[in-house]
Amino acid sequence: MPQPRWLPYLLIAPSVAFLAAFFLVPLGQTILLSFDGGQGLSLANYARMAGDLNFPTALRNTFALVIVVIPLQVALALVMGLMLQKMTRGRELVLWIWTIPLGVSDLAAGLVWLAILQDSGYLNTLLFQFGLIGGPTAYLNSETPVALFVAVVLAEVWRATAIVLIILVAGIQLIPKEFGEAADIVGASPWTKFRRITLPLLKPSLQSALILRTVLAFEVFAVVYALGGRNFPIIVGEAYTWQNENQNYGVAAAYAVLVMAISLTATVIYLKALRVDPEAQA
């Protein structure tokens, strides 16, 4: 008995309704709010956002985090994934240990690193006991911007590398072993196998990992807020400030739209730069 033509649409209707109710409607409301100047649609909120004293710093800090954190996470996840591939025993246990940070919330991860790096934290205590410092050293204030930036990078790399690792491990497991065996027969070096076999076949996984982590990196907030607060302005942090402290929802919405626009642009760049040919992957 042939299925009715409307059956596929009926099956996806709940998902479409869910997306419309919890994504498309709030998205449209946020965009409209960002253009609401009080007396009709205008660019007043975007002008106030661009004129904010912290806006250039927040933009620079956010892009600096993304530019530093994403390559570090991808490189580290690649090394960890290839190490797992070479292991014959205990692979599941090691992978489980490496993915423990996934069970820690953003704020909790920030608080963990705060306990390590604050003036009376574990790092200063350890350095003092070994006689390397004479007293508490500040790492997380406005007078030490480089140290604060490094602290945020460390916290983000520790917290979110596991996401990239899981995606790349799944991609590595899909690479046929016959390719590596054929490369061994012709005497290819490990670097040649990685460059000519592993990396090209990992393109789909790398594309997914880069898009996911870049979007999430532009939305980073809790880790930065826990470690530096207002000492390290970022885009999402400024949106939070305008909404909760300044009670200006229009400018906060403008910041949100800016983050969305940047994330969409990065996604398009990755899709074009890492374009995957289905025939080549077949």
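Treat the numbers as computed from the prediction; the structure is a model and nothing was measured.

What counts, and where the lines are drawn
- Residues numbered from 1 in each chain as written.
- Predicted model: local features only at pLDDT ≥ 70, side-chain atom pairs only at ≥ 80, totals over all residues.
- Heavy atoms only, no water.
- UniProt positions renumbered as here; feature names shortened; annotations may be inferred.
- Helix = DSSP H or I, 4+ residues; strand = E, 2+ residues; numbered from the N terminus.
- Salt bridge = Lys/Arg side-chain N within 4 Å of Asp/Glu carboxyl O.
- Buried < 20%, exposed > 50% of the residue type's maximum accessible area, 1.4 Å probe, protein only.
- Phe/Tyr/Trp six-rings, centres within 6.5 Å; stacked < 30°, edge-to-face > 60°.
- Core = buried A, V, L, I, M, F, W, Y, C linked by side-chain atoms within 4.5 Å.
- Contact = heavy atoms within 4.5 Å.
- Expected span 1.5 Å × (residues − 1).
- Bend = angle between axes of the 7 residues up to and from the residue.
- Arc of directions from axis to C-beta.

A. How the structure looks around the UniProt feature "transmembrane region" (unreviewed entry) in the chain. Residues annotated by UniProt as "transmembrane region" (unreviewed entry) correspond here to residues 7–27, 63–84, 93–116, 146–170, 210–228 and 248–271. A helix fraction of 79% and a strand fraction of 0% characterise residues 210–228, whose end C-alpha atoms lie 26 Å from each other.

B. Representation of the pattern of salt bridges within the structure. Counted by the stated rule, this structure contains 4 salt bridges. Between Glu156 and Arg159 there is a salt bridge; the shortest N-O distance is 2.9 Å. Of the two residues, Glu156 and Arg159 are both situated in helix α7 (residues 145–173); the distance of 3 residues between them amounts to about one turn of the helix. The pair Glu156 / Arg159 is uniform in exposure class, with both members buried. Relative accessible area serves as the criterion here: at 3%, Glu156 is assigned to the buried category.

C. Local environment of the packing of aromatic side chains. Applying the stated criterion to the full structure yields 10 aromatic pairs. Taking 5.1 Å as the distance between ring centres and 45 degrees as the angle between the ring planes, the aromatic pair formed by Phe35 and Tyr46 counts as tilted. Note that Phe35 is positioned in the loop between α1 (7–34) and α2 (44–51) and Tyr46 in helix α2, a separation of 11 residues in sequence. By relative accessible area, which is 29% here, Phe35 ends up partly exposed. The exposure class of Tyr46 is buried, given its relative accessible area of 18%. Measuring from centroid to centroid gives 5.2 Å for Phe221 and Tyr225, while their planes differ by 35 degrees, and the two rings are tilted. Note on Phe221: relative accessible area 21%, which makes it partly exposed. The partly exposed category is assigned to Tyr225, whose relative accessible area is 38%. Grouped by ring-pair contacts, the aromatic residues Phe221, Tyr225 and Tyr240 constitute a single cluster.

D. Here's a closer look at the nonpolar core. Of all hydrophobic cores here, the largest spans 40 residues; its most connected members are Met49, Ile70, Val74 and Tyr255. At the level of elements, α2, α3 (55–86), α7, α9 (190–201), α10 (203–218), α12 (235–244) and α13 (249–273) are the ones that each hand at least two residues to this core. The greatest single-element share of this core, amounting to 10 residues, is contributed by α13. Discounting chain neighbours no more than four positions away, the residues touching Ile70 are Leu65, Leu210, Arg213, Thr214, Ala217 and Tyr270. Formed by 19 residues, the second largest nonpolar core is a distinct cluster that contains Leu148, Val152, Val224 and Ile234.

E. Structural view of α7. When the terminal C-alpha atoms of α7 are compared, their 41 Å separation across 29 residues agrees well with the 42 Å that a helix rising 1.5 Å per residue should span. Roughly 40 degrees is the biggest bend found in α7, and it falls at Ala160.

F. Region of interest: α9. Between its terminal C-alpha atoms α9 stretches 15 Å, which fits the 16 Å expected from 12 residues at 1.5 Å a residue. If you check which residues of α9 are buried, you get Lys193, Phe194, Ile197 and Thr198. Seen along its axis, α9 keeps its buried residues to an arc of 125 degrees; they face one direction. In α9, the exposed positions that point more than 90 degrees away from the buried face belong to Trp191 and Arg196.

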